[in-house]
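# Descriptive analysis of the structure
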Amino acid sequence: MDRIIIRGGRRLSGRLPISGAKNAALTLMPCALLTDEPLTLRNLPRLADVDGFGHLLNQLGASTRIEGTRPEDFGRVMTIRAGKLTSTEAPYDIVRKMRASILVLGPVLARAGEARVSLPGGCAIGNRPIDLHLKALEAIGAELEMAAGYVRAVAPGGRLTGGTYRFPVVSVGATENVVMAAVLAKGPTRIENAAREPEIVDLCRCLVAMGARIEGIGTGTLEIEGVDRLHGATYAVMPDRIEAGSYACAAAITGGDLTLTGVAADDMGATLSALTEAGVTVEAGRDSVRIAANGPLRPLTLTTAPFPGFATDMQAQFMAMLCKADGSSVLTETIFENRYMHVPELARMGADITVSGRTAVVRGVERLVGAPVMATDLRASMSLILAGLAAEGETQVSRVYHLDRGYERLEEKLSAVGADIERVGDG
């Protein structure tokens, strides 16, 4: 099993390219199931989760073809064609590895009139039920049953009817699933209290490019007029705002100066505001953001919230950064109840963090010290990388397969801007 070794204490500087968004890519890929024509996705990141989702699409009968990029380039172009669905079942052995697999439920149901999908897996960051996915699909005409760890959904008469559903709490994944299902329904659908994340906007824009009729994109109320069929399209995956935020924290924790390229700063409002409040210089351009840290970091009080609030996917990275702040910071996690598993590992490196329920108090320390640490989930992995970049001595991060799910060629990008970082195998 691979490990990442970091010899810390080096200031990062230079230009660092941001890849296509993991969370957007895994939402756009199942759109190909809604049409028998090709969907070509550009700027698709090279990630384990993207490869895994491609295998799931193959299981359902879709072909996937990589083209137009060299191995040394970042990003890929993938053409997906589901001319005919040869299966309507997403099996356990594939779905258990990746929670995003549940996103085939809506499009397969809409296209084929039925779907059977295993309950999902993914990171162990707390209870992430799919009840809102199911209630929303029921509201637009699906009949559901659960048995033996699978969800079976049927559209009576072969086609969903459309309907109205108001989410009791904001859910990104459930919003994505019901939107994909509703675009082929017989009648109109109204989704209230819909998630407004940039990845939802990206999904809706891709579906519109395929012929869907969606109003209210970017707002909490989506109006969808079902159509008889969608056609193919070519669409570029949005930049990864979480990857960009992670590397912004890398600049801050090392006292560095990074220009992140290929970035949509408008999608990063809460992250950039928090960095500014921490005393970091932020200069946003048309498609780039410069992050420069020239003095001590200031402590912060942050609470995670749905977009446009502070993203839960940035909590672990900011926690690592705030370990070097001049004072005590308070972080409150409202989205997932078990997302502080990185705290004991950061403590091994000298961090001073106290957790009480969903709140963590981070007391800044003068120095972090390298140590062997173990990644527990995707964003926790990145928090350990950040701490290692700032720590004295050598840090070894194990279980880096978590990182490979969400950060494209991380060591290569960080090495290019001054980090002493390498990947080694145990063999």
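Per chain, the residues get numbers from 1 upward, laid out in the order the sequence is written. The model is predicted, so local features are restricted to residues of pLDDT at least 70 and side-chain atom pairs to those at 80 or more, both for listing and for counting; the totals for chains, interfaces and linings are taken over all residues. Just so you know, side-chain values use all the structure's heavy atoms and leave hydrogens and water out.

Under an unreviewed UniProt entry, the chain has the name UDP-N-acetylglucosamine 1-carboxyvinyltransferase and belongs to Sphingomonas metalli. For the record of the chain, the UniProt heading Pathway (unreviewed entry) holds the text "Cell wall biogenesis; peptidoglycan biosynthesis." According to UniProt, the comment filed for the chain under the heading Catalytic activity (unreviewed entry) is "phosphoenolpyruvate + UDP-N-acetyl-alpha-D-glucosamine = UDP-N-acetyl-3-O-(1-carboxyvinyl)-alpha-D-glucosamine + phosphate". UniProt positions are given in the numbering used here, feature names are shortened, and annotations may be inferred rather than shown by experiment.

### Notes on helix α6 (residues 172-182)
For every residue, the accessible area (1.4 Å probe, protein chains only) is compared with the maximum for its type, and the residue is labelled buried under 20%, exposed over 50%, or partly exposed between those bounds. Strands here mean DSSP runs of E at least two residues long; helices mean DSSP runs of H or I at least four residues long; both are numbered from the N terminus. Where burial is concerned, most of α6 is hidden: nine out of the 11 residues are buried. Within α6, the full set of buried residues consists of A174, T175, E176, N177, V178, V179, M180, A181 and A182. Backbone nitrogen of A174 and a side-chain oxygen of the N-cap are separated by 3.2 Å at the start of α6; the cap is S171. Residues adjacent in sequence count toward polar contacts only when both atoms are side-chain atoms; beyond that, a polar contact is any pair of N or O atoms within 3.5 Å, and within protein one must be able to donate a hydrogen and the other to accept it.

### As for the pattern of salt bridges
A pair can form between side chains of opposite charge whenever their charged atoms are brought close. Any Lys or Arg side-chain nitrogen located within 4 Å of an Asp or Glu carboxyl oxygen qualifies as a salt bridge. Following the criterion strictly, the structure yields 28 salt bridges and no others. Among the ionic pairs, R152 bridges to E114, the shortest N-O distance being 3.6 Å. With R152 in strand β9 (residues 150-154) and E114 in strand β7 (residues 114-118), this residue pair connects regions lying 38 residues apart in the sequence. Across the pair R190 and E223 runs a salt bridge, and its minimum N-O distance is 2.2 Å. Separated by 33 residues along the polypeptide, R190 in strand β11 (residues 188-192) and E223 in strand β13 (residues 221-225) bring together distant segments of the chain. Exposure remark for R190: the relative accessible area of 31% places this residue in the partly exposed category. Here E223 falls in the partly exposed class, since its relative accessible area comes to 32%.

### Considerations on the packing of aromatic side chains
Within 6.5 Å between ring centres, the rings of Phe, Tyr and Trp (the latter by its six-membered ring) count as paired, and their orientation is classed by plane angle as stacked under 30 degrees, edge-to-face over 60, tilted in between. Under the criterion given, the structure shown has three aromatic pairs. A ring pair is formed by F310 and F318, whose centres lie 5.0 Å apart and whose planes are at 90 degrees; its orientation type is edge-to-face. Among the residues examined, F310 registers a relative accessible area of 7% and is labelled buried. The exposure class of F318 is buried, given its relative accessible area of 0%. Any Lys NZ or Arg CZ that is within 6 Å of a ring centre and within 35 degrees of that ring's normal is treated as a charge sitting over the ring. Directly above the aromatic system of Y150 lies the positively charged group of R116, at a separation of 3.9 Å from the ring centroid.

### A short note on the UniProt feature "binding site: UDP-N-acetyl-alpha-D-glucosamine" (unreviewed entry) in the chain
Sequence positions flagged by UniProt for "binding site: UDP-N-acetyl-alpha-D-glucosamine" (unreviewed entry) are, in local numbering, R99, R128, P129, I130, D131, L132, D313 and I335. Counting through the fold element by element, I130 comes out in the loop between β7 and α5 (131-139). The exposure class assigned to I130 is buried, which follows from its relative accessible area of 8%. When neighbours within four sequence positions are excluded, I130 is seen to be in contact with R99, I102, L119, P120 and V151. Assignment of secondary structure puts I335 in the loop between β19 (328-332) and α11 (343-348). When its relative accessible area of 33% is taken as the criterion, I335 is described as partly exposed. Sequence-distant contacts of I335, that is, excluding residues within four places in its chain, are made with T304, A305, P306, T312 and R358. Between two residues, a contact is recorded if the distance between any of their heavy atoms is within 4.5 Å.

### Details of the layout of surface pockets
Estimates place the volume of the second largest pocket at around 220 Å³. Lining the second largest pocket are 14 residues; nearest its centre among them are P198, V201, R205, M238 and D267. For the lining of the second largest pocket, the element with the most residues is helix α7 (residues 198-209), which contributes four residues. The distinction between a cavity and a pocket rests on a 1 Å grid over the protein atoms alone: a 1.4 Å probe fits inside a cavity but cannot get out, while a pocket stays open yet meets protein on both sides within 12 Å along at least five of seven lines, and a residue with an atom within 4 Å of a point counts as lining. Grid points are joined across faces, edges and corners, and a volume is the space filled by probe spheres set on the points.

### Structural notes on the UniProt feature "binding site: phosphoenolpyruvate" (unreviewed entry) in the chain
If you check UniProt for "binding site: phosphoenolpyruvate" (unreviewed entry), the listed places come out as K22 and N23 in our numbering. Along the polypeptide, K22 turns up in helix α1 (residues 22-28). The contacts of K22, once residues within four sequence positions are left out, are P45, L47, D49, D240, L378, R379, R405 and G406. Among the polar contacts listed, one links the side chain of K22 to the side chain of N23, at a separation of 3.3 Å. Along the chain, the position of N23 falls in helix α1. Residues within four places of N23 in sequence aside, it is in contact with E199, D313 and R379.

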